[in-house]
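Chains, contacts and geometry: an overview
Here's the letter readout for the chains.
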Amino acid sequence: MYFGVDYYPEHWDKSEWGEHIKLMKKANFNIVRIAEFAWGRLEPREDEFDFLWLDEIMEKLHEAGIKVILGTPTAAPPKWLVNKYDVLMRDRYGRKRGYGSRRECCSNSPDYRRRADIITEKMAERYGKHPAVAAWQIDNEFGCHASTRCYCENCRREFASALSKKYGSIGELNRRWGTVFWSQEYEDFDDVILPGYTSCEPENAQQWSHNPSLDMDFYRFSSDSWVRFEKSQADIIRKYSDRPITHNFMGHFSDIDYYKLAEPLDFVSWDNYVDNQWNHETYENSAMAHEIMRGAKNKNFWVMEEQAGPAGWDKFGGTPRPGQIRLWTYQAIAHGCDGMVYFRFKSAPFGMEQYWLGVIDYDGIPRRRYFEIQKTGEEIKRLASKFEGAVSETDVLIVKSYENTWSSKIKRNTENFDYRGILYDYYAANLAVGTDPACGPITAVSGGCKAVYAPAYSIVTDEEARILENYVSNGGTLVLTYRSGIRDEDNNMLRTTPPGALRLLTGIRLEEFDSSPVEVGVSDGFGRSRVWRDIISTETAHAIAVYEDEFYKGSPAVTVNTFGKGRVIYVACDLSGEGLLKLVRYITEQSGARYIEHPEGTEVIRRRAADGSEYTMLLNHNDKSVKTELRGVSLFDGSEFDGTLEPYGVEIIE
Ligand code: GAL
């Protein structure tokens, strides 16, 4: 199994490389990712390339038995490129982005694309068969630092051409978008605007003041543009190299359709920062991000950047507590991580990321964090065959849709509605109950699932409805909620009664809804609803809970419908806390899904190794020790596990 670190040899004097490599070897690192921001040093002037330094460090790493993930450096354009070509993105007010950060170039700029392809080709040609190269990383974190949506003239032209391919005639576009509203009918595809700045003052401008179909197509187009940009590099690399290709994703980030971004790649990797200037992530949030990454390609993934120290840009976040870096590492592995790479090797005393500390400090001295990583590496070396290619035994799936994310960003339903939030709530409740759910696209719904949650699935295509019908007919349990089946594929409201294509499945119909900021009790221990209530009539379903207040008191709040051999639960309102836990427990029981009881703040995950053997990973995210009921023989040292997990402790038992 690969265990490594992100390394920037170009930041250091060559005389230090030897010492760095020595420390890497001691830390048990067997791979480094390099070069993903080194465009300026690789092509200091247009068409003048300097690969000698990269040759040299690759040779040194190779001699030391350390493999390389070679990054294409296109996220950080050199100054000459920006000086000579008009490649910078435009924001939604039409303002040009400034130089001085990174990822500021437009994926639809022909000059940027051409130069990005040239440097990629040069690298692929030179290193495609290099014995040290284990994998390629394309670019870095598409969408990081800026919107994925650019409003430049190139984007406008490309968008017009994409729309023309999609709709065939402008009349069809006008009809489907409903541009008759406010006299917005277009005469020609070239006439179509980008949904940027509207006529109100910039500080009041709302992106949702545009036509929602236009907005939706622009989200799709912008996402597709990055996929195309990535694919172009992947195609070039494949001409020269048979090594696997990845890109480093960003977990929960949703402005790019990660299912599509994963397609041209051999594997997905991602960057996991748990505690930094901006976030102190819950462990559930990190767990879910890992699962989203696994679901992006339905395949184990790598962590390409794992937090290794205090982190921030202009302020520090917290420092990892003793044991936490090891815990985060095993949490990743428990959710399907097949390769672990820490960010970064040596902390940079200069540049924007002075405050993003690495495995060793500015003075190059290994301390607590280094030794913890070293120990983790030692363990992983011994247990690699158990981890690599291992799979979770879960039979619960949470469906995430990028289209529905965009739709709910464009039209938010109500102040407190949040698509990511509702997915998270169902995920976290499942984690608490112990089903350790997977996350993935609706196409991952299969006979292997006992329970599928597809909350707030607002746009449902006919094909998707068929997938769900098949699944339920054959005995599956499906959970749908309010804001499902309300829109068509053009992001318009349905003209038929919601939940539209899901009506037969759910056995209910929507009559009214209430998003007023009131609290409404839900009977039978389901707690209180604070965000949204669908007021529904049952057709073939029956209610298992009703509202306790308001003018719809007594009407169904949670229903169950039998469909074929399976059942569909419709949750007509938001639930939280104990109420949501009760629902998830009920669904787990009804569906027969697997679960493992475990103390609060812990994860207990059953995994099957590639050789068929099974083991259980126990992760304690609490800062105090906890006692579990589970017993077994520790894979770490063969001792009998007595059920005690240390603060931030990890145990793996057979
Ligand atoms: C990631 C990025 C890295 C580094 C890190 C810390 O988003 O991929 O290059 O910037 O954050 O800021």
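Residues numbered from 1 in each chain as written. Predicted model: local features only at pLDDT ≥ 70, side-chain atom pairs only at ≥ 80, totals over all residues. Heavy atoms only, no water.

As recorded in an unreviewed UniProt entry, the protein goes by the name Beta-galactosidase, listed as coming from Candidatus Ornithomonoglobus merdipullorum. Taken from UniProt, the Catalytic activity (unreviewed entry) comment for the protein reads in full: "Hydrolysis of terminal non-reducing beta-D-galactose residues in beta-D-galactosides." (UniProt positions renumbered as here; feature names shortened; annotations may be inferred.)

1. A word on the overall build of the protein
Check the secondary structure of the protein and you find 17 helices and 28 strands. Relative to its length of 654 residues, the protein is compact, with a C-alpha radius of gyration of 26 Å against a globular reference of 26 Å. Overall size of the protein, expressed as C-alpha extent along the three principal axes, is 75 × 75 × 40 Å. The buried share of the protein, reckoned over its 654 residues, is 60%. Sequence separation of 24 or more characterises 71% of the internal contacts of the protein that already satisfy a separation of 6 or more. Of the accessible surface of the protein, which amounts to about 25,400 Å², a share of 48% is contributed by carbon and sulfur atoms. Charged side chains in the protein number 80 positive and 100 negative. The centres of these two groups are separated by 2 Å. (Helix = DSSP H or I, 4+ residues; strand = E, 2+ residues; numbered from the N terminus. Rg over C-alpha atoms; globule rule 2.2 N^0.38 Å. Buried < 20%, exposed > 50% of the residue type's maximum accessible area, 1.4 Å probe, protein only. Contact = heavy atoms within 4.5 Å. Areas by Shrake-Rupley, 256 points an atom, 1.4 Å probe, with all protein chains shown as cover. Lys, Arg positive; Asp, Glu negative; His and termini not counted. Charge placed at Lys NZ, Arg CZ, Asp CG, Glu CD.)

2. Here's the deal with the pattern of salt bridges
In this structure the tally under the stated criterion is 52 salt bridges. The shortest N-O distance in the salt bridge between Arg243 and Asp242 comes to 2.9 Å. Between Arg503 and Glu539 there is a salt bridge whose closest N-O contact spans 2.7 Å. With a gap of 36 residues between them, Arg503 in helix H16 (residues 503-506) and Glu539 in the loop between strand E18 (533-538) and strand E19 (542-546) connect regions that are remote in the sequence. The network of salt bridges with common partners includes Glu43, Glu46, Asp47, Lys84 and Arg115. (Salt bridge = Lys/Arg side-chain N within 4 Å of Asp/Glu carboxyl O.)

3. Thoughts on the confidence of the model for the protein
Looking at the protein as a whole, its pLDDT mean stands at 96, while 98% of the residues score no less than 70. No element of the protein has a lower mean pLDDT than strand E10 (residues 391-392), which averages 94, and none a higher one than strand E5 (residues 245-246), which averages 99. (pLDDT = per-residue confidence, 0-100.)

4. Thoughts on the site of the ligand
In the vicinity of the ligand, the contacting residues are Phe37, Arg102, Asn140, Glu141, Asn248, Asp271, Tyr273, Glu305, Trp313, Phe343, Glu353 and Trp356. Within the side chain of Asn140, an N or O atom sits 2.9 Å from an oxygen atom of the ligand. Note that an oxygen atom of the ligand is positioned 2.4 Å from one of the side-chain N or O atoms of Glu141. Its free accessible area being 300 Å², the ligand has 96% of it covered by the protein chains. Tallied by class, residues from the shell around the ligand come to 5 nonpolar, 2 polar and 5 charged. (Near = heavy atom within 4 Å. Polar contact = N/O pair within 3.5 Å; in protein donor to acceptor, adjacent residues only side chain to side chain. Nonpolar A, V, L, I, M, F, W, Y, C, P; charged D, E, K, R; others polar.)

5. Concerning the nonpolar core
With 193 residues, the main nonpolar core has Ile34, Leu54 and Leu70 as its most contacted residues. Take this core: its biggest share by element is 10 residues, from helix H8 (residues 212-240). Every residue in contact with Leu54, bar those within four places of it in the chain, is listed here: Ile34, Ala35, Leu42, Leu70, Met123 and Tyr127. If you look at the next biggest cluster of nonpolar residues, it comprises 8 residues, including Ile69, Ala134, Ala135 and Phe267. (Core = buried A, V, L, I, M, F, W, Y, C linked by side-chain atoms within 4.5 Å.)

6. Focus: the packing of aromatic side chains
According to the stated counting rule, one finds 43 aromatic pairs in the structure shown. Between Phe551 and Tyr552 the ring centres are 4.9 Å apart and the planes differ by 80 degrees, which places this aromatic pair in the edge-to-face class. For Phe551, a relative accessible area of 59% puts it in the exposed group. Residue Tyr552 is classed as buried on the basis of its relative accessible area, which comes to 3%. One aromatic cluster is present, formed by Tyr8, Phe37, Tyr273, Trp278, Trp313, Phe343 and Trp356 through successive ring pairs. Its end group placed over the ring of Phe636, Arg326 keeps NZ or CZ at 5.0 Å from the ring centre. (Phe/Tyr/Trp six-rings, centres within 6.5 Å; stacked < 30°, edge-to-face > 60°. Lys NZ or Arg CZ within 6 Å of the ring centre and 35° of its normal.)

7. Some details on the packing of H8 against helix H13 (residues 402-410)
Between H8 and H13, whose axes approach to 10 Å, the crossing angle comes to 135 degrees. When the axis of H8 is compared with that of H13, the two are oblique. As H8 packs across H13, the resulting crossing turns out to be right-handed. For the pair H8 and H13, the contacting residues are Pro212, Asp215, Met216, Tyr219, Arg220 and Ser223 in the first and Glu403, Trp406, Ser407, Lys409 and Ile410 in the second. Here the contact of H8 with H13 is composed, by residue class, of 5 nonpolar, 2 polar and 4 charged. (Axes fitted to C-alpha atoms, helices over the stretch in contact; angles between N-to-C directions. Parallel < 35°, antiparallel > 145°, perpendicular 65-115°, else oblique. Left-handed = near helix turned anticlockwise from the far one by under 90°.)

8. Thoughts on helix H11 (residues 324-334)
Because an α-helix packs 3.6 residues into every turn, residues spaced three or four apart end up facing the same way. In terms of residue burial, H11 counts as a mostly covered element, since 11 of its 11 residues are buried. Among all positions of H11, only Gln324, Ile325, Arg326, Leu327, Trp328, Thr329, Tyr330, Gln331, Ala332, Ile333 and Ala334 are buried. The first or second residue beyond H11 is Gly336, which carries a positive phi of 115 degrees.

9. Overview of a nonpolar patch on the surface
A cluster of nonpolar side chains, Phe316, Tyr355 and Tyr362, forms an exposed patch at the surface whose accessible area comes to about 270 Å². Checked against the element boundaries, Tyr355 lands in the loop between strand E9 (337-343) and helix H12 (368-387). With relative accessibility at 31%, the residue Tyr355 sits in the partly exposed group. (Patch = residues over 30% accessible without salt bridge, like charges linked within 9 Å, V, L, I, M, F, W, Y side chains within 5 Å.)

10. Comments concerning the sheet that holds E9
The strand order E5-E4-E3-E2-E1-E9-E8-E7-E6 describes an open sheet built from 9 strands, whose pairing is parallel. Edge positions in the open sheet fall to E5 and strand E6 (248-249), since each of these has one partner strand only. (Pairing = 2+ DSSP bridges.)

11. So, unusual backbone geometry
Geometrically, the link from Phe343 to Arg344 is a cis peptide bond, its omega value of -25 degrees lying close to zero. Along the chain, Arg344 turns up in the loop between E9 and H12. Looking along the chain, the bond that leaves Pro498 and enters Pro499 is cis, with omega of 5 degrees. Inspection of the secondary structure assignment puts Pro499 in the loop between strand E14 (477-481) and H16. Not every positive phi belongs to a glycine, and Arg103 is a case in point at roughly 55 degrees.

12. Some remarks on the side chain of Ser613
Position of Ser613 relative to the elements: it lies in the loop between strand E22 (602-608) and strand E23 (614-620). Side chain to side chain, Ser613 and Lys386 meet in a polar contact 2.8 Å long. Apart from the residues within four sequence positions on either side, Ser613 is in contact with Lys386, Arg607 and Arg608.

13. Things to note about the pairing of strand E28 (residues 650-653)
Here E28 shows a buried face lined by Val650 and Ile652 and a second buried face lined by Glu651 and Ile653. Pairing between E23 and E28: 4 bridges, direction antiparallel. Its bridge partner being in E28, Met617 is matched across the sheet by Ile652.

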